[in-house]
Amino acid sequence: MPHLPGVATATEILQARALGLRWVKVFPASILGPNWAKSMKGPYPDMNFIATGGVTALNAPDFLSSGVSVVGLSSSFADDAQLELVRGLIAASAASALTGAGRK
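Keep in mind that this is a model prediction, so the values were computed, not measured.

J.: When you look at the overall build of the protein in this model, what are you seeing that I'm missing?
T.: Along the backbone of the protein there are five helices and four strands. Listing each helix as α and each strand as β along the protein from the N terminus yields β-α-β-α-β-α-β-α-α. The globule rule puts the C-alpha radius of gyration for 104 residues at 13 Å, and the 14 Å found for the protein is close to it. Its C-alpha atoms give the protein principal-axis dimensions of roughly 40 × 35 × 30 Å. The buried share of the protein, taken over its 104 residues, is 30%. Surface accessibility of the protein: about 6,200 Å² in total, with carbon and sulfur atoms responsible for 62%. Put simply, the protein has 8 plus and 6 minus side-chain charges, and the middle of one group is 13 Å from the middle of the other.

Right under this line is the structure:
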């Protein structure tokens, strides 16, 4: 099973990369924010970020547009008010994947 370390600093990203990892968890994402992810994606374009910890259906689009590959929305599934937003995110991601697959 692959290891998915949580990172909050450039040093931690470098440590994960030195171990051969290319997927890391941005945690806590709600504190670090989308701008942090965008800033880290610049110098580390080969890294894939998964935002977890305080990500909701409301702020997930901001994280995804910042270069995060995946968002964890566990609490959004328990909130009836966010369920429609979650469905929209899933539909948009599926449509984007199909469009992207057609370009290859």
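J.: Would you explain the side chain of threonine 52 in this entry?
T.: Tracing the backbone through its elements, the reader meets threonine 52 in the loop between β3 (48-51) and α3 (60-65). Ignoring any residue separated from it by four or fewer positions in sequence, one finds threonine 52 in contact with Lys25, Val26, Phe27, Pro28, Ala29 and Gly72.

J.: I'm lost on the pairing of β3 in this one. Help?
T.: Remember that side chains alternate between the two faces of the sheet whenever the strand is regular. The pairing of strand β2 (residues 23-26) with β3 spans four bridges and is parallel. What sits directly across from tryptophan 23, in β3, is asparagine 48. Each parallel crossover has a hand, and for β2 linked through helix α2 (residues 29-41) to β3 it is right-handed. Where β3 lies against strand β4 (residues 70-71), two bridges are found, and the strand directions are parallel. In the sheet register, alanine 51 faces β4, and the bridge partner there is valine 71.

Procedures and definitions
- Residues numbered from 1 in each chain as written.
- Predicted model: local features only at pLDDT ≥ 70, side-chain atom pairs only at ≥ 80, totals over all residues.
- Heavy atoms only, no water.
- Helix = DSSP H or I, 4+ residues; strand = E, 2+ residues; numbered from the N terminus.
- Rg over C-alpha atoms; globule rule 2.2 N^0.38 Å.
- Buried < 20%, exposed > 50% of the residue type's maximum accessible area, 1.4 Å probe, protein only.
- Areas by Shrake-Rupley, 256 points an atom, 1.4 Å probe, with all protein chains shown as cover.
- Lys, Arg positive; Asp, Glu negative; His and termini not counted.
- Charge placed at Lys NZ, Arg CZ, Asp CG, Glu CD.
- Contact = heavy atoms within 4.5 Å.
- Pairing = 2+ DSSP bridges.
- Right-handed = clockwise from strand over helix to strand, strands pointing away.

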